[in-house]
Amino acid sequence: MKAKQSKALLILYATQTGNAMDAGERTGREAERRGCSVTLLSVDEYDASSLSREETVIFVVSTTGQGDTPDSMKVFWRFLLQRHLGKNWLEGMRFAVFGLGDSSYPKYNFVAKKLDKRLSDLGAVALVERGLGDDQHPSGYEGALDPWMSSLWRMLNKIDPNFFPNGPDPVESEMTLLDQPKVEVRYHDIGEVNSQFSVAADLQSREKDIEMARLMSPGKFSGKSGPSCFLKMTKNKLLTKAGCGKDVRHFEFEFVSSTVRYEVGDVLEVLPGQNPAAVDVFLQRCNLNPESFITVHHRKQENGICGTDLDVSKVPIKLKTFVELAMDVSSASPRRYFFEVMSFFATAQHEKERLQYFTSPEGRDDLYQYNQKERRTVLEVLEDFPSVQMPFEWLVQLVPPLKPRAFSISSSPSAHPGQVDLTVNVVSWTTPFKRKRSGLCSTWLANLDPHQSTVIPAWFQKGSLPPPSPLEPLILIGPGTGCAPFRGFIEERSIQSQSSTTAPIMFFFGCRNEENDFLYRDFWSHHSQEEGVLSEAKGGGFFVAFSRDQPQKVYVQHKMRENSARVWDLLSEGAAVYVAGSSTKMPSDVLEAFEEIVSKESGLPSESAVRWVRALERAGKYHVEAWS
């Protein structure tokens, strides 16, 4: 008898850091385990105009920054907001939305909430109440994902049992079957490799290696595969007082390849080097030959989960080089599926049982504590389960990709031609079990010696802070390393003021102590002098909040309120607002301060003042660049 054809499920995900992709892939695997045919796509791989022809769509979306859509979702979201799409455009379509967010942020899961509402406004019908994953939950976003999926499977099965030929709650078996990995690794002999490419100059060779490694990696990268340029560090200066508990550096770089034109407000992405000893230990632990030459190919699968391999000529690369450039083995934590696959390759029974427990609903909280909370690295996890020998294909697929880290540029190209500066907090912290951790890229940069001429791959990108017109008054708020882009803004305006009229700038800076972490003190003081662009004589001003130098904490929003009349004067003159720094409470506290200032100085009721500031945002005159 012919088997009954299962109904198809389309899953679209929008991710910034990879969590939403992981949740989308897990949702797809769970649907397939129930016998459902699944197509899983990043939302930027899907034609939004086709949405009205779909029957059932699952959305898994993250919220980034201050309630922003992930980059991959911006085009899709703009399409959905078109006015000509009527209230019946999605009539007949059923959908479900799962969001990933962090409840410590003001606009918690804002993207999932607005997507859910917009789809309903266009006539689609929600299958279940939207699920909201929360990083603050003891199990992270999976604390909400599991019950949301259970509700979704029951509802789909109730609507049409053909969705799940295996039933909505298949019996857990011993799970002896494992899908093929999404990638295939092909090995090449040295003669074949030498015949395919000639030995190039060092920089060209390095650029080709990076391009090939990123092109062959299953991870998704923004921008082009090869770096925009290579940089060499020329200065590594400690900005904070030694021993104060904070380590903030000023780095200067010069171009060693072609010079890239950039503007103030742009972002520099840096590909960090991994600890060579950690890479060697990983290769040894996984029984990999570092001298092998490989190419990585993406398998084509009928259900569409993997996508298709790119039609490009792939040049073989050394296995060790691929690991160094594309696989984050000593910094990032693996995802839940990594532990699930590990359980299939564990030969020690007690390890297999522990891994199976970690990936069960009962072990979810313990896995989160062991893995994410402790920020276990891939190498640490593999060393904790020594009987596991995973094939390299699975490692290529599941080890988190080594991604460039983004930093706000803190220089003006007009003031420093051929140079780019960064202001970087060297990240370190202690885990709940008192293990010392450090940020991969910031620590790597801090340990570089400018005299050693280390070549640094870099990409220039547009950030959230567009360069302002010289005639536009500015109100800048940048506590801590949030001052970085505004150092560039002020350098730029100082150059502009030498040849033409410029508008005033008010800058609110904040730090803990005047003695310990008053970043760029002399720079701000110089530009606050009588003819400086921050001077009160020119209508501007520099205001600093030292949060720990008195019994009561003082932050930038307090300094804003102290100078509310002057803030309102600049706003009334058409000032643009720029906010940069930590994405925890600061941006929302600053926004609230602006609303209070507008209400107080204009006499508007609170509700009208809120609308006034929102209008500033809609007009493109309120910009926020925040990071965690």
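The residue numbers shown here count from 1 along each chain, following its written sequence. Given that this is a predicted model, residues contribute local features only at a pLDDT of at least 70 and side-chain atom pairs are listed and counted only at 80 or more, while totals for whole chains, interfaces and linings are drawn from all residues. Each side-chain value is worked out from all heavy atoms of the structure, with water and hydrogens disregarded.

**What about the UniProt feature "domain: Flavodoxin-like" (unreviewed entry) in the protein?**
Here comes step 1: The positions UniProt marks with the feature "domain: Flavodoxin-like" (unreviewed entry) are residues 9-153.
Here comes step 2: Each helix corresponds to a stretch of at least 4 residues labelled H or I by DSSP, and each strand to a stretch of at least 2 residues labelled E; elements are numbered beginning at the N terminus. Here residues 9-153 runs as 32% helix and 23% strand, with 11 Å between its end C-alpha atoms. UniProt positions are given in the numbering used here, feature names are shortened, and annotations may be inferred rather than shown by experiment.

**Here we look at unusual backbone geometry**
Here comes step 1: Here N287, not a glycine, exhibits a phi torsion of approximately 55°, which is positive.
Here comes step 2: Here N287 is to be found in the loop between α7 (276-285) and β11 (293-298).
Here comes step 3: Of note, the phi angle at K434 is positive, near 65°, even though the residue is not glycine.
Here comes step 4: Along the chain, K434 turns up in the loop between β15 (428-430) and β16 (436-438).
Here comes step 5: The class of K434 is exposed, set by a relative accessible area of 69%. Buried means the residue's accessible area, taken with a 1.4 Å probe over protein chains only, is under 20% of the maximum for its type, while exposed means over 50%, and partly exposed covers the values in between.

**Remarks on helix α9 (residues 336-345)**
Here comes step 1: Among the 10 residues that make up α9, 7 are buried, leaving the element largely enclosed by the rest of the structure.
Here comes step 2: Here α9 has its buried residues at R336, Y337, F338, F339, V341, M342 and S343.
Here comes step 3: By the convention used here, residues are in contact when the closest approach between their heavy atoms is within 4.5 Å. The secondary structure elements touched by the buried residues of α9 are α1 (19-33), α4 (142-159), α10 (349-358), α11 (364-373), α12 (378-384) and α13 (392-398).

**Observations concerning the packing of aromatic side chains**
Here comes step 1: Between 30 and 60 degrees the pair is tilted, below 30 it is stacked and above 60 it is edge-to-face, where a pair is any two Phe, Tyr or Trp rings, Trp via its six-membered ring, whose centres lie within 6.5 Å. Counted by the stated rule, this structure contains 30 aromatic pairs.
Here comes step 2: An angle of 55° between the planes, with centres 5.8 Å apart, marks the rings of F79 and W89 as tilted. Here F79 is found in helix α2 (residues 74-80), whereas its partner W89 is found in the loop between α2 and β4 (94-101), with 10 residues between them in sequence.
Here comes step 3: For F79, a relative accessible area of 22% puts it in the partly exposed group.
Here comes step 4: Where F508 meets F543, the ring centres are 4.9 Å apart and the plane angle is 20°; that geometry is what we call stacked. Of this pair, F508 sits in strand β19 (residues 505-511) while F543 sits in strand β20 (residues 541-546), and the two are 35 residues apart along the sequence.

**Thoughts on the sheet that holds β19**
Here comes step 1: The strand order across the open sheet formed by 5 strands is β20-β19-β18-β21-β22, and the pairing between neighbours is parallel. The open sheet has two edge strands with one neighbour each: β20 and β22 (622-627). Taking the axes of each pair of neighbouring strands and ignoring which way they run, one obtains an average angle of 10° across the sheet.
Here comes step 2: One ladder, built from 6 bridges, connects strand β21 (residues 576-582) with β22; its direction is parallel. Bridge assignment links G581 to a residue of β22, and that residue is A626.
Here comes step 3: Helix axes are fitted to C-alpha atoms over the stretch in contact, other axes to C-alpha atoms as well, and angles between N-to-C directions run from 0 to 180 degrees. Along the sheet, helix α15 (residues 484-497) makes contact with β18 (474-477), β19 and β21, crossing β18 at roughly 150°.
Here comes step 4: In the packing of helix α19 (residues 586-602) onto the sheet, the strands contacted are β18, β21 and β22, and the crossing angle to β21 comes to about 150°. Paired strands, as defined in this entry, are two strands with at least two bridges between them according to DSSP.

**Quick look at the domain arrangement of the protein**
Here comes step 1: A domain assignment, automatic or from a database, supplies the domain bounds used here. Partitioning the protein into structural domains gives domain 1 (9-163) and domain 2 (474-626).
Here comes step 2: Listed by partner, the interface residues are 4 residues for domain 1 and 6 residues for domain 2.
Here comes step 3: Each of two parts loses accessible area, computed with a 1.4 Å probe, when they are put together; buried area is these two losses added. Three residues, Q66, Y105 and P106, lead the burial of domain 1 against domain 2; their summed loss comes to 75% of the area buried on that side.
Here comes step 4: Counted as salt bridges are all cases of a side-chain nitrogen of Lys or Arg within 4 Å of a carboxyl oxygen of Asp or Glu. Taken together, the links from domain 1 to domain 2 amount to 0 salt bridges.
Here comes step 5: Counting of polar contacts relies on pairs of N or O atoms within 3.5 Å, with two restrictions inside protein: one atom must be capable of donating a hydrogen and the other of accepting it, and residues adjacent in sequence are counted only when both atoms are side-chain atoms. Summed over the shared surface of domain 1 and domain 2, the number is 0 residue pairs in polar contact (both at pLDDT 80 or more).
Here comes step 6: Residues are grouped as follows: Ala, Val, Leu, Ile, Met, Phe, Trp, Tyr, Cys and Pro are nonpolar; Asp, Glu, Lys and Arg are charged; all remaining types, including Gly, are polar. A breakdown of the residues in the side of domain 1 that touches domain 2 according to their chemical character gives 2 nonpolar, 2 polar and no charged.

**Brief notes about the environment of F460**
Here comes step 1: Mapped onto the fold, F460 is located in strand β17 (residues 455-461).
Here comes step 2: On the basis of relative accessible area, F460 is assigned to the buried category, the value being 13%.
Here comes step 3: When the C-alpha positions of F460 and E393 are compared, they lie 32 Å apart, and in sequence the two are 67 residues distant.
Here comes step 4: Not counting residues within four places of it along the chain, the set of residues in contact with F460 comprises S228, C229, F255, V260, Y262, V267, L268, I409 and V420.

**Regarding the side chain of H250**
Here comes step 1: Counting through the fold element by element, H250 comes out in strand β9 (residues 248-255).
Here comes step 2: Note on H250: relative accessible area 4%, which makes it buried.
Here comes step 3: Among the polar contacts made by the side chain of H250, one reaches the side chain of Y520 at a distance of 2.7 Å.
Here comes step 4: When near neighbours in sequence (up to four residues on either side) are disregarded, H250 contacts K235, N236, K237, L239, D421, L422, R487 and Y520.

**Here we look at the pattern of salt bridges**
Here comes step 1: A complete count under the given rule lists 34 salt bridges for this structure.
Here comes step 2: Of the charged contacts, one joins K462 and D266 as a salt bridge, the two residues approaching to 3.1 Å between their closest N and O atoms. One end of the pair, K462, is in the loop between β17 and β18; the other, D266, is in the loop between β9 and β10 (267-270), and 196 residues separate them in sequence.
Here comes step 3: Between E374 and R435 there is a salt bridge whose closest N-O contact spans 2.8 Å.

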